[in-house]
Amino acid sequence: MLALRDATTRGSVAYDNAELVRAAAGLLSDDPELLAQERRRLEHVYVDELADTDPAQMGLLSLVAGGGKRVVAFADPDSSTYAFRGADPTAVGTFTHRFRTASGAVAPAVNLHTNYRTGGELLAATGRVARRLRGPAGHRAQTPAAEVTSAVEVRTFRTGTSESGYVAHVLRQAHLLDGVPWSRMAVLVRSTVLQLASLQRALHAAGVPTVTQAEDLPLHLQPAVAPLLLLLRCALEPDRLDEEAAVSLLHSPLGGADPLGERRLRQGLRALALAGGDPRPSGELLVDALRDPAELAAVERRWAAPAKAIAALIATAKEAAANPGATVEDVLWAVWRASGLAERWYGLTARGGPVGDAGEERGLQWRGVAADRDLDAVVALFDTAARFVDRLPGARTEIFLDHVFGQELPADSIAPSADRGEAVRLLTAHAAKGLEWDVVVVAGVQEGIWPDLRLRGSLLGSERLVDVLAGRADAAGVAASLVGQTSALLDEERRLFYVATTRARRRLLVTAVASAAVGGSDHEEQPSRFLHELMPVSESDEDADELPVGRLPRALTLPALVAELRTAVTDPASPAERKRAAAAELARLALAGVPGAHPNDWWGLRELSDDRPLVDEGEPVKVTPSTMESALRCSLRWLLERHGGSPPASAAQGVGNLVHAAAMLAEDATVDRGQLLEYIAGRFDAIELAAQWMAGAERARAEAMVDKLLRWLATNPRRLLAIEHEFAVRLADPLRPVDLTGRVDRLELDADGRLVVVDLKTGKTTSVTEAELAEHPQLGAYQAAVEAGAFAEHGDETGGASLVQLGTTAKEAKEQAQAAVGEGEEPGWAGALVRRTAETMAASTFHAVANSRCRVCPVRSSCPISGKGRQVVEP
Ligand SMILES: Nc1ncnc2c1ncn2[C@@H]1O[C@H](COP(=O)(O)OP(=O)(O)OP(=O)(O)O)[C@@H](O)[C@H]1O
């Protein structure tokens with residue numbers, strides 16, 4: 001702490017760990033009194049992970065514990081993985097010479113050969129990896145302490161999905177069958193950025209609880225921190241605000257948009273731009289809107305809100321950064337306060353705490369835990385910012401951002417990690433160092449990812465300094481040095497893999513994807529060479545290079561088991577023996593109350609609860625002309641829709657309804673057009689449109705329909721009797737009386753004094769063909785109603801019925817007229833059709849009939865002839 005204080009007050013630009021250690025060493029060597037005091041205080045000094053120490057740490061150690069002090073250091077040269085932070089594995093070899101005994105003799109070195117962690121099979125496999133490492137080998141022979149069983153499994157998969165499915169399966173198996181607690185299992189990956197999130201989602205979906213500890217992720221990747229940093233970056237470096245950044249800001253907690261919201265916003269911006277003759281794609285418009293939110297005022301408030309919030313925060317950041325003397329802390333604070341996230345997350349954390357069993361509370365509690373974690377991460381960000389400001393007063397925020405984004409691994413943390421409950425830990429191989437679990441999965445071990453042979457360096461390049469000091473850097477040949485660096489990297493990656501695989505006590509699973517390039521794509525994924533290294537050397541040369549391919553077994557869930565047993569029992573091809581065994585298992589599950597196990601639960605085997613007709617004989621059947629067509633087309637759909645299968649009618653009016661309502665005002669062509677348009681304009685805003693940007697076009701369509709109606713009225717020779725007239729009439733029949741009820745748009749009188757029913761259609765595709773028109777059920781039913789005396793006050797002779805198509809793309813309204821029923825060869829056809837419909841509606845059996853509307857049928861999932869509803873009839 002002293003060193004730290006001095007390092008900062010002396011205005012040093014000490015910034016990485018090695019520099020801090022160096023500052024402490026400097027302080028001690030400058031002050032003999034302090035050094036003596038320290039040396040007196042330390043009687044025994046223990047060093048763990050000696051192979052990961054860097055020269056500065058060794059210097060400090062020499063100061064406080066050199067000269068014959070009691071120092072014990074532990075090292076495994078094969079697990080040194082911090083060379084990129086300046087660690088020097090050769091410190092292990094020179095240690096006994098450097099830290100001599102009090103008498104000046106070389107210190108003793110002891111090799112520990114007993115392994116208490118695991119058993120023979122695992123040791124043999126990890127030993128094969130270690131064998132390929134350069135360096136001392138004397139310590140490598142290890143024997144297990146006891147006869148424990150251990151197992152290694154290497155598997156490759158064709159896709160990442162099946163890989164994570166298999167990983168989930170193995171974890172569930174260990175938990176459910178072998179009783180391993182979730183917290184004694186872990187999944188290790190090489191790269192947080194590439195692998196962690198997708199794996200976590202897949203495991204979660206498969207019912208494996210996982211936990212990624214915040215401290216396992218570098219700061220800039222933590223979900224709560226990433227959007228704040230991105231926002232700062234975009235505010236300070238405007239070029240950074242591209243479409244990708246804009247979208248992730250909108251979807252972050254700072255924006256709060258969902259995918260639908262984003263689409264609506266894009267559509268809105270594009271409609272506006274197009275209206276102004278600007279043809280740019282919506283991505284560019286989105287970026288512009290975040291820079292200058294003026295445009296957003298014209299977009300519907302609901303969809304514009306996330307973008308407005310982000311634009312405001314960007315402005316806040318810019319403003320804060322423009323203040324003279326503003327530090328990164330000030331800027332961050334301004335943005336954080338303006339975001340309002342603090343209040344929201346604190347509200348949620350109040351519900352956090354340990355996760356109990358009460359199912360309902362659980363969701364809230366998880367959200368509370370997540371909010372806790374997010375707040376922790378933001379606090380860590382402020383800590384980092386404060387340290388940065390302390391060390392580099394006056395440095396610009398951009399430099400801070402570079403620094404934070406440059407971190408590949410979580411910063412060292414001395415905070416103890418909280419116990420996050422019973423869950424499988426998901427972490428990087430680096431973070432797994434020093435830990436162990438009963439079951440360890442090392443996933444995604446792909447060539448190119450692990451080993452990752454891209455040359456890299458630390459902020460200050462300290463690892464190269466180490467090379468120079470150790471005489472490894474060849475000043476003469478850069479190429480030679482590059483080769484050297486690459487092979488050193490391969491060693492380091494292999495050691496990291498060794499660390500990962502040696503974390504397992506009982507069971508190790510290592511997986512990768514092996515996918516051949518498909519078609520012209522050169523995207524081929526290869527398992528890492530490390531997988532081969534784990535495998536025992538094969539006897540025959542033929543399959544020496546073959547890695548075992550993994551197959552996804554049945555999911556270890558009750559429903560999957562029940563499904564498999566049921567298939568075995570009912571499959572005609574399965575042998576009698578197997579059927580009997582499956583039936584016995586099902587019986588056992590049924591006794592235990594497992595849903596779906598007892599044949600009583602199998603839909604296909606259930607007795608009908610009631611086989612009486614829907615309407616008792618002699619009772620009237622209610623038929624409305626508008627549903628006749630549907631009932632005749634497929635009576636099952638009609639039945640299901642009628643009894644809860646269709647979504648409730650929306651209260652909001654559509655454009656068609658609005659035009660219908662306006663048409664009620666239009667008795668004939670003398671009506672005032674302006675009045676109709678005013679009517680439409682006045683109610684237009686109440687319409688639920690698919691998108692606000694469609695409003696212009698939809699309104700034009702509504703107005704066009706009104707104009708078509710007016711022009712059609714001008715040519716319509718008949719006289720209006722009633723508009724929107726309701727009727728109810730009984731078609732008498734001793735067995736099956738029919739109550740025909742409904743409403744007609746227009747009831748008109750033709751030149752011969754006969755009644756004509758006119759139905760206005762506002763849909764775009766409601767036209768019918770000539771053939772369909774002759775027996776159009778709805779029109780026929782109107783005619784039958786007329787004949788049965790539904791409009792007795794006006795007469796009971798029908799002159800036909802018409803559809804007037806207003807909504808099609810045609811310029812003029814089209815009248816489609818059905819001839820009067822009495823004029824045809826079969827005068828009673830309409831009444832007969834109504835009776836037939838009534839029979840269908842009152843029946844005890846309803847038929848599913850395949851037809852052109854099946855594709856959009858809302859009750860497909862209950863239809864036996866649709867693939868989706870097969871379970872309705874099959875056991
Ligand atoms: N003498 C012992 N008797 C029984 N168990 C032991 C003994 N020594 C260590 N173990 C157990 O063996 C396991 C590994 O021990 P430890 O973590 O100390 O090894 P390590 O060499 O530091 O491992 P690494 O550096 O690879 O993480 C632990 O579970 C520990 O409890």
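Structure report, in brief. Quick caveat: nothing in here was measured; it's all calculated off a predicted structure.

A tally of regular secondary structure across the chain gives 31 helices and 16 strands. In the chain, the share of contacts with a sequence separation of at least 24, taken over all contacts with a separation of at least 6, comes to 73%. Total accessible area on the chain stands at roughly 45,900 Å², and carbon and sulfur atoms take up 53% of it.

Let's shift gears to the site of the ligand. In the region of the ligand, the neighbouring residues are Y116, R117, G434, E436, R503 and R505. Within the side chain of R503, an N or O atom sits 2.7 Å from an oxygen atom of the ligand. Measuring from an oxygen atom of the ligand, one finds a side-chain N or O atom of R505 at 3.3 Å. Relative to its free-state accessible area of 630 Å², the ligand is covered by the protein chains to the extent of 44%. Class assignment for the residues of the shell around the ligand results in 1 nonpolar, 1 polar and 4 charged.

Attention shifts here to the packing of aromatic side chains. Per the stated rule, a full pass over the model turns up 8 aromatic pairs. Where W638 meets F846, the ring centres are 6.3 Å apart and the plane angle is 25 degrees; that geometry is what we call stacked. With W638 in helix α25 (residues 635-645) and F846 in the segment after α31 (829-842), this residue pair connects regions lying 208 residues apart in the sequence. Across the pair, exposure class does not vary: W638 and F846 are buried alike. Among the aromatic side chains, those forming a connected cluster through ring pairs are W450, F497 and F530.

Looking now at helix α30 (residues 777-787). Two residues of an α-helix separated by three or four positions point the same way, owing to the 3.6 residues in each turn. Across the 11 residues of α30, 10 count as buried, placing the element largely inside the fold. What α30 keeps buried is the set P777, Q778, L779, G780, A781, Y782, Q783, A784, A785 and V786. The first or second residue beyond α30 is G789, which carries a positive phi of 90 degrees.

Calculation notes
- Residues numbered from 1 in each chain as written.
- Predicted model: local features only at pLDDT ≥ 70, side-chain atom pairs only at ≥ 80, totals over all residues.
- Heavy atoms only, no water.
- Helix = DSSP H or I, 4+ residues; strand = E, 2+ residues; numbered from the N terminus.
- Contact = heavy atoms within 4.5 Å.
- Areas by Shrake-Rupley, 256 points an atom, 1.4 Å probe, with all protein chains shown as cover.
- Near = heavy atom within 4 Å.
- Polar contact = N/O pair within 3.5 Å; in protein donor to acceptor, adjacent residues only side chain to side chain.
- Nonpolar A, V, L, I, M, F, W, Y, C, P; charged D, E, K, R; others polar.
- Phe/Tyr/Trp six-rings, centres within 6.5 Å; stacked < 30°, edge-to-face > 60°.
- Buried < 20%, exposed > 50% of the residue type's maximum accessible area, 1.4 Å probe, protein only.

Any functional reading would require information beyond the geometric quantities listed.
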